[in-house]
Amino acid sequence: MLKRLLVANRGEIAIRVIRAARELGLETVAVHSEADRDSLHVRMADVVVPIGPPPASKSYLKPDAIIQAAIDSGAHAVHPGYGFLSENAAFAEAVEKAGLVFVGPTPESIRIMGNKALARETAAKAGVPTVPGSDGVVGTIDEAVTVAAQIGFPVLIKASAGGGGRGIRVAGDADELRKQMSVAQAEAQSAFGDKSVYLERFIRRARHVEVQVLGDGRDVVHCFERECSLQRRRQKVLEEAPSPALSPATRERLCESAVRLAQSVSYRSAGTLEYLYDSDSGEFFFIEMNTRIQVEHPITEMITGIDLVHEMIRIAQGQPLRLKQSDIAIRGAAIECRINAEDPEKNFMPSPGRVSEIILPGGPGVRVDTMLYPGCAVPPYYDSLLAKLVVHAEDRVTAIARMRRALRELHVEGVKTTRALHLMLMDEPRFGAAQFDTNSLEGWLAAPSS
Amino acid sequence: MPHHEVLCPLPGVFYRKPAPDAEPFVKEGDTVKPGDTIGLVEVMKQFNEIHADAAGKVVRFLVDNEGAVEPGQPLVMLETA
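Being a predicted model, the structure only gives us computed values, none of them experimental.

Caption draft 1: Focus on helix 11 (residues 308-316) of chain A. All names here are of chain A. Summarising burial for helix 11: 9 of the 9 residues are buried, a large majority. Every buried residue of helix 11 is accounted for by L308, V309, H310, E311, M312, I313, R314, I315 and A316. Sitting at the head of helix 11, D307 places a side-chain oxygen 3.1 Å from the backbone nitrogen of V309. Trailing helix 11 by a residue or two, G318 shows a phi angle of about 90°, which is positive.

Here it is as structure tokens:
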């Protein structure tokens with residue numbers, strides 16, 4: 001039995017893990033940087049260990065300091081949370097080598113599924129669709145046309161040496177592809193010094209849909225999906241569960257494919273398989289797996305009634321899955337708004353500082369995961385997430401009304417927050433109608449409907 | 001020789017290089033003009049370029065690479081004119 005758990009993280013997720021551990025009767029160890037001495041996770045834990053200066057590279061990202069803290073504090077296990085070292089296979093391995101339990105998957109799983117190319121290969125072997133593309137570089141225009149016909153139009157022509165959205169052209173049909181290919185190759189040559197290009201299916205209206213799974217190293221179950229399409233600069237802003245875009249038949253095929261893929265690597269612990277869902281064709285494609293707990297896990301907990309962090313700890317203790325697939329059902333709808341320390345009026349400029357006053361919403365169906373308290377510091381060194389405001393209701397319409405009222409109750413003074421953005425979203429007709437994809441939010445911000 | 005200190009406009013972590021394996025933006029002995037990038041400050045995972053606000057020769061940096069910085073803190077000393 002594990003008796004003492006070290007949480008290798010900070011902020012709201014450290015608190016989330018401390019709460020779960022405590023409910024299971026475990027003692028908790030918090031680690032903290034110099035900037036987090038007075039953080040709520042530090043105040044809550046049974047044992048506290050300082051691990052270094054404020055920058056994460058000198059504290060929360062230091063495997064040795066964290067493992068030493070675990071040994072010194074008599075911890076038996078380490079929960080990595082999300083971010084920081086959570087998907088670092090070498091860290092998971094070092095934890096195990098030190099004779100401690102890593103509350104997460106095996107280092108091997110992290111290594112395979114954390115590598116995009118390997119994960120894609122693994123998916124293909126498990127019969128899970130990935131975004132169709134050329135296998136490597138296409139050399140000639142004729143070859144490109146042949147390959148594109150197999151992939152399906154429209155296609156993206158991508159520079160092999162490009163990245164971050166640079167060096168990409170779209171072709172809607174074979175004629176366009178013939179015209180674009182030589183331009184794309186010339187551009188790639190002048191921009192990156194390498195003219196090689198490859199093809200990939202272009203999904204005009206893609207939704208980001210992800211499936212939560214739990215595995216014990218033998219069996220895997222899914223806890224349905226989350227819809228995370230509302231993003232700004234590729235960062236999720238608001239998530240909901242279930243996805244309002246999926247038919248029951250598609251949902252079943254999607255979730256079943258996630259179980260198959262996780263099963264094929266004998267996945268242990270909580271994990272999330274991310275997919276692109278093509279709103280036009282109704283197809284879904286696996287893109288990558290997150291081998292850890294995710295920020296937006298509470299919406300899944302709300303609709304399924306499962307405590308995912310409890311389950312992670314139980315699995316880490318060597319217990320088999322307590323849940324059968326037939327035990328898991330969706331009840332109602334849940335939404336999460338990420339309340340960030342950013343100023344929506346100043347192009348989302350970060351807003352560190354000190355919280356002078358805070359009023360958190362409550363009442364039926366409302367959950368707030370946060371490290372904020374009156375007078376607490378919001379250091380500039382870490383990400384800007386202040387609070388996750390989560391609501392649950394019997395259906396999506398009621399959940400939106402509940403979120404609107406909860407956002408109106410929320411009051412934070414001392415730092416700027418993204419509350420106003422979320423209030424705008426609750427009144428956005430295209431959000432209400434669930435008509436959006438991964439590009440929508442930036443468009444709405446540029447041209448809000450009044 | 002008159003000296004000028006470039007002050008940090010915001011809190012965060014200071015970087016002298018655009019990437020861990022890259023060359024520093026400027027080195028001791030280099031000359032800079034107003035608007036030249038002398039480093040980056042990371043605030044809540046966003047990177048902000050820090051520009052020289054005067055012309056001069058870089059005498060020395062007053063904070064370490066990857067050091068924590070506060071608003072108003074001197075980052076680099078320039079020898080002007």
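Caption draft 2: Main features of the sheet that holds strand 5 (residues 101-102) of chain A. Residue and element names in this part refer to chain A. Read across the open sheet, the 5 strands follow the order 3-2-1-4-5; overall the sheet is parallel. Strand pairing shows two members of the sheet lacking a second neighbour, strand 3 (47-52) and strand 5, which therefore form its edges. As paired elements, strand 2 (residues 27-33) and strand 3 share 5 bridges and run parallel to each other. From the neighbouring strand, H32 faces strand 3, where its bridge partner is P50. Lying on the sheet, helix 3 (residues 63-72) is in contact with strand 1 (4-7), strand 2, strand 3 and strand 4 (77-79); it crosses strand 3 at an angle near 155°.

Caption draft 3: Looking closely at the packing of aromatic side chains. All chains considered together, the criterion is met by 10 aromatic pairs over all chains. Both rings, one in A:Y381 and one in A:Y382, keep their centres 5.9 Å apart while their planes meet at 65°; by these two values the pair is edge-to-face. Between B:F14 and B:F61, the aromatic rings sit 6.2 Å apart at their centres with planes inclined by 35°, giving tilted as the arrangement. One end of the pair, B:F14, is in strand 2 (residues 12-15); the other, B:F61, is in strand 6 (residues 56-61), and 47 residues separate them in sequence. Here B:F14 and B:F61 have matching classes, each one buried. Across from the ring centre of A:F436, 4.4 Å away, lies the NZ or CZ of A:R207, which sits over that ring. For the cation-ring pair, A:R396 lies above A:F431, with the distance from its terminal atom to the ring centre recorded as 4.7 Å.

Caption draft 4: Here's a closer look at the pairing of strand 2 of chain A. Residue and element names in this part refer to chain A. Burial analysis of strand 2 places 6 of its 7 residues in the buried class, which makes it a mostly covered element. Across 4 bridges, strand 1 lies against strand 2 in parallel orientation. What sits directly across from L6, in strand 2, is V29. After leaving strand 1, the chain enters helix 1 (residues 11-23) and then returns to the sheet as strand 2, a path that is right-handed.

Caption draft 5: Summary view of the interface of chain A and chain B. Contacts between the two partners involve 15 residues from chain A and, on the opposite side, 13 residues from chain B. In total, about 1100 Å² of surface goes out of reach between chain A and chain B, with carbon and sulfur atoms giving 62% of it. It is A:P350, A:P380 and A:Y381 in chain A that bury the most area against chain B; as a group they hold 45% of the surface buried on that side. Our enumeration of links across chain A and chain B arrives at 0 salt bridges.

Caption draft 6: Main features of the side chain of A:S134. Mapped onto the elements, A:S134 comes out in the loop between helix 6 (116-125) and helix 7 (141-151). Under the relative-accessibility criterion, A:S134 is labelled buried at 12%.

Caption draft 7: Summary view of the pairing of strand 2 of chain B. All names here are of chain B. Summarising the sheet, strand 2 and strand 7 (residues 67-69) pair through 3 bridges and their orientation is antiparallel. Among the inter-strand pairings, V13 is bridged to a residue of strand 7, identified as A68. Strand direction decides the pairing type here: strand 2 and strand 4 (residues 37-43), joined by 3 bridges, are antiparallel. Each bridged residue has a counterpart across the sheet, and for F14 the counterpart in strand 4 is V41.

What counts as what
- Counting from 1, residues in each chain are numbered in the order their sequence is written.
- Whichever chain is written first is A, and whichever ligand is written first is 1; the rest continue in order.
- The model is predicted, so local features are restricted to residues of pLDDT at least 70 and side-chain atom pairs to those at 80 or more, both for listing and for counting; the totals for chains, interfaces and linings are taken over all residues.
- Side-chain metrics in this entry use all non-hydrogen atoms of the structure; hydrogen atoms and water are not considered.
- When accessible area is computed with a 1.4 Å probe and restricted to protein chains, residues below 20% of their type maximum are described as buried, those above 50% as exposed, and intermediate ones as partly exposed.
- Runs of H or I in DSSP of at least four residues are treated as helices and runs of E of at least two as strands, each being numbered from the N terminus.
- Between N or O atoms, a polar contact is any pair within 3.5 Å; within protein, one atom must be a potential hydrogen donor and the other a potential acceptor, and residues adjacent in sequence are included only when both atoms are from side chains.
- Any two strands with at least two DSSP-identified bridges between them are counted as paired.
- Any two residues whose heavy atoms approach within 4.5 Å are treated as being in contact.
- Axis lines are fitted through C-alpha atoms, for helices just across the contact stretch, and the angle between N-to-C directions can take any value from 0 to 180 degrees.
- Stacked, edge-to-face and tilted labels apply to pairs of Phe, Tyr and Trp rings (six-membered ring for Trp) whose centres lie within 6.5 Å, assigned for plane angles under 30 degrees, over 60, and everything in between, in that order.
- Comment: the charge-over-ring label is applied if NZ (Lys) or CZ (Arg) is within 6 Å of the ring centre and within 35 degrees of the ring normal.
- Call a crossover right-handed when, viewed with both strands pointing away from you, the route from the first strand across the helix to the second goes clockwise.
- Two parts placed together each lose some accessible area; with a 1.4 Å probe, that loss summed over both constitutes the buried area.
- The working definition used for a salt bridge is a side-chain nitrogen of Lys or Arg within 4 Å of a carboxyl oxygen of Asp or Glu.

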